[in-house]
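Understanding the architecture of this molecule
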Amino acid sequence: MENGNVQVAFFQHLKSQLPTHVSLVEEIADLLNISTDSAYRRLRGEKPISFEELQKLCMKYKISLDQLFHLQSDTLIFSGRNVGQPDFKFHQYLNGVVSNLQYMNTFEKKEIFHLNKDVPIFHFFYFPRLAAFKLYFWRRSIAQDEELLSHKFNFDLIDEELLKVGEKMADAYAQLPCTEIWNIENISASLMQINYYKDSNLFQSTSDIHDVYQDLEKCIDHIEYQAELGYKTSPDGKVHYRHIPYRIYVNEFILGDNTIQVKLNDTLVTYLTHSVFNYLNTRDKQFNESISKHFQNIIRKSTLISDSGEKDRRRFFTAIRARINERKAAIS
């Protein structure tokens, strides 16, 4: 392939990463600080891009050149930001998730697949007392936030701005066509976290434990109701996304790992979750195709309980509630 054709292919690949309403020419001109005319000449291959320009473009749009041009390599390019870095701020983390979801929603064709290990975190933020506990747990036990290490949990500790950002996250997720693959064990993480804090005497009062459990039940009720409808809705019933499919499959023999894959027009992006709520993402074509096949294989061996499948749906969510009630009964 001649150099000009390679460059044209590079920009065609870059264009496929952008929402349809975003102008590639304007993006290039702005990033490289050049005129739109100069940007057009680069897009057509008339003017070669420099190594410095190529580096800026690849870093901005997370492009792996070896995969794009089929070079022999066993290296995968992932991007992400981890808790534990000196400049980590939880507000920034949540806002980053919101930005990712809002970006996904700009595409004409989009769909998200979630292989659950836990209840997907997006569901928590419609229920303030549950969200407050989750934020406390993540910040204190995972992020080692020094502000919380010497305090027992109570609802006054949580920054209201964090809850507002979390609700934006839930709203953005609600607007994405979604397939979630569940297992009965998905509720276990939340139950163990609440129980650990109870046994460690880290709740300010017993009533706070009851309040968290009550919101967890409401969260499960809301998820079941959406599964029955086959689409997303707000807990108060004021907002209905009837045109956005919501599918839940139950797999009885595979416990997921919170892998998320998103289809954005013709592009696949995979998010790998680690260390509770950190994530890495990649657009590597071969890797994403293998993950897509993995999802489809699991779906074929799972039971669809959304929209139809009332008997299986009721049995599944009744079993989840039984586990919650068992833990609630142990509160002294």
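The structure we're discussing is the one just above.
The present account deals with the structure reproduced in this document. Computed from a prediction, not measured in an experiment: that's the story for all the values here.

Considerations on the overall build of the chain
Within the chain, the regular secondary structure consists of 12 helices and nine strands. Taking 2.2 N^0.38 as the reference for a compact globule, 332 residues should give roughly 20 Å; the C-alpha atoms of the chain span a radius of gyration of 22 Å, in line with that estimate. Within the chain, the proportion of its 332 residues that are buried is 47%. Partitioning the intrachain contacts of the chain with sequence separation of at least 6 by distance along the chain shows that 72% fall at a separation of at least 24. Of the roughly 17000 Å² of accessible surface on the chain, a fraction of 48% belongs to carbon and sulfur atoms. In the chain, 40 side chains carry a positive charge and 43 a negative one; their mean positions are 2 Å apart.

Description of the side chain of Asn-105
Looking at the element boundaries, Asn-105 is found in the loop between helix H6 (90-104) and strand E2 (110-115). Among the polar contacts made by the side chain of Asn-105, one reaches the main-chain carbonyl oxygen of Ala-172 at a distance of 2.9 Å. Apart from the residues within four sequence positions on either side, Asn-105 is in contact with Lys-110, Ala-172, Gln-175 and Leu-176.

Here's the deal with the packing of H6 against helix H8 (residues 160-174)
For the pair H6 and H8, interaxial distance at closest approach is 9 Å and the crossing angle is 20 degrees. In terms of axis orientation, H6 runs roughly parallel to H8. As H6 packs across H8, the resulting crossing turns out to be left-handed. Here Phe-90, His-91, Leu-94, Asn-95, Val-97, Val-98, Leu-101 and Gln-102 of H6 come into contact with H8, specifically with Glu-161, Leu-162, Val-165, Lys-168, Met-169, Ala-172 and Tyr-173. Classifying every residue of the contact of H6 with H8 by side-chain character gives 10 nonpolar, three polar and two charged.

Notes on the pairing of strand E5 (residues 240-250)
Where strand E3 (residues 178-182) meets E5, five bridges bridge the pair, whose relative direction is parallel. Across the sheet, Thr-179 pairs through a bridge with Arg-247, a residue of E5. Pairing of strand E4 (residues 231-233) with E5, which is carried by three bridges, proceeds in the antiparallel orientation. Each residue of the ladder has a partner; that of Lys-232, found in E5, is Tyr-241. Connecting E4 to the next strand, E5, in antiparallel fashion are six residues, including Gly-237 with a positive phi near 80 degrees.

What about the pairing of E2?
Within a regular beta strand, the side chains point alternately toward one face of the sheet and then the other, so they alternate between its two faces. Judged from the six bridges that link them, E2 and strand E6 (residues 259-264) form a sheet pairing that is antiparallel. Directly across from Leu-115, in E6, lies its bridge partner Thr-259. The pairing of E2 with E3 spans four bridges and is classified as parallel. If you follow Phe-113 over to E3, its bridge partner there is Thr-179.

Focus: the packing of aromatic side chains
For the structure shown, the criterion picks out 20 aromatic pairs. Aromatic pair Tyr-103 and Phe-107: ring centres 5.2 Å apart, planes at 85 degrees, arrangement edge-to-face. Judged by relative accessible area, Phe-107 falls into the buried class, the value being 1%. In textbook terms, an aromatic cluster arises when at least three aromatic residues are bridged by ring pairs, as seen for Phe-133, Tyr-136, Phe-137, Phe-153, Phe-155, Tyr-196, Tyr-197 and Phe-203. The ring of Tyr-173 is capped by Lys-232, whose NZ or CZ atom sits 4.1 Å from the centre of that ring.

Considering the nonpolar core
In this structure, Leu-101, Leu-135 and Ile-223 are the most contacted members of the largest nonpolar core, which totals 69 residues. Setting aside its immediate chain neighbours within four residues, Ile-223 contacts Val-119, His-123, Trp-182, Tyr-246, Ile-248 and Phe-317. Leu-18, Val-25, Leu-43 and Cys-58 belong to the second largest nonpolar core, which has 17 residues in total.

What about unusual backbone geometry?
Its identity is not glycine, yet Gln-144 carries a phi of approximately 55 degrees, on the positive side. Within the secondary structure, Gln-144 sits in the loop between helix H7 (128-142) and H8. Backbone geometry at Asp-307 places phi at a positive 70 degrees, although glycine is not the residue there. Take Asp-307: it is sitting in the loop between strand E9 (303-304) and helix H12 (310-329). For Asp-307, a relative accessible area of 57% gives the class exposed.

A short note on helix H11 (residues 285-300)
Under the 1.5 Å per step criterion, the end-to-end length of H11 is 23 Å for 16 residues, consistent within 8% with the ideal 22 Å. Those residues of H11 not exposed but buried are Phe-287, Asn-288, Ile-291, Ser-292, Phe-295, Ile-298 and Ile-299. Each buried residue of H11 lies within a common arc of 135 degrees when the element is viewed along its axis, so the set occupies one face. For H11, the exposed residues lying more than 90 degrees away from the buried face are Lys-285, Gln-286, Lys-293 and Arg-300. Tucked into the core, H11 has its buried residues touching E2, E3, E5, E6, strand E7 (267-274) and strand E8 (278-282). The opening residue of H11 is Asp-284, an N-cap whose side-chain oxygen sits 3.3 Å from the backbone nitrogen of Gln-286.

Points about the side chain of Lys-232
The residue Lys-232 is located in strand E4 in this model. In this structure Lys-232 is buried but unpaired, with Glu-180 as the nearest side chain of opposite charge at 5.6 Å. A distance of 3.0 Å separates the side chain of Lys-232 from the backbone oxygen of Tyr-173, its partner in a polar contact. In contact with Lys-232, not counting residues within four places along its chain, are Tyr-173, Ala-174, Leu-176, Cys-178, Gln-226, His-240, Tyr-241, Ile-244 and Tyr-246.

Conventions adopted
- Residues numbered from 1 in each chain as written.
- Predicted model: local features only at pLDDT ≥ 70, side-chain atom pairs only at ≥ 80, totals over all residues.
- Heavy atoms only, no water.
- Helix = DSSP H or I, 4+ residues; strand = E, 2+ residues; numbered from the N terminus.
- Rg over C-alpha atoms; globule rule 2.2 N^0.38 Å.
- Buried < 20%, exposed > 50% of the residue type's maximum accessible area, 1.4 Å probe, protein only.
- Contact = heavy atoms within 4.5 Å.
- Areas by Shrake-Rupley, 256 points an atom, 1.4 Å probe, with all protein chains shown as cover.
- Lys, Arg positive; Asp, Glu negative; His and termini not counted.
- Charge placed at Lys NZ, Arg CZ, Asp CG, Glu CD.
- Polar contact = N/O pair within 3.5 Å; in protein donor to acceptor, adjacent residues only side chain to side chain.
- Axes fitted to C-alpha atoms, helices over the stretch in contact; angles between N-to-C directions.
- Parallel < 35°, antiparallel > 145°, perpendicular 65-115°, else oblique.
- Left-handed = near helix turned anticlockwise from the far one by under 90°.
- Nonpolar A, V, L, I, M, F, W, Y, C, P; charged D, E, K, R; others polar.
- Pairing = 2+ DSSP bridges.
- Phe/Tyr/Trp six-rings, centres within 6.5 Å; stacked < 30°, edge-to-face > 60°.
- Lys NZ or Arg CZ within 6 Å of the ring centre and 35° of its normal.
- Core = buried A, V, L, I, M, F, W, Y, C linked by side-chain atoms within 4.5 Å.
- Expected span 1.5 Å × (residues − 1).
- Arc of directions from axis to C-beta.
- Salt bridge = Lys/Arg side-chain N within 4 Å of Asp/Glu carboxyl O.

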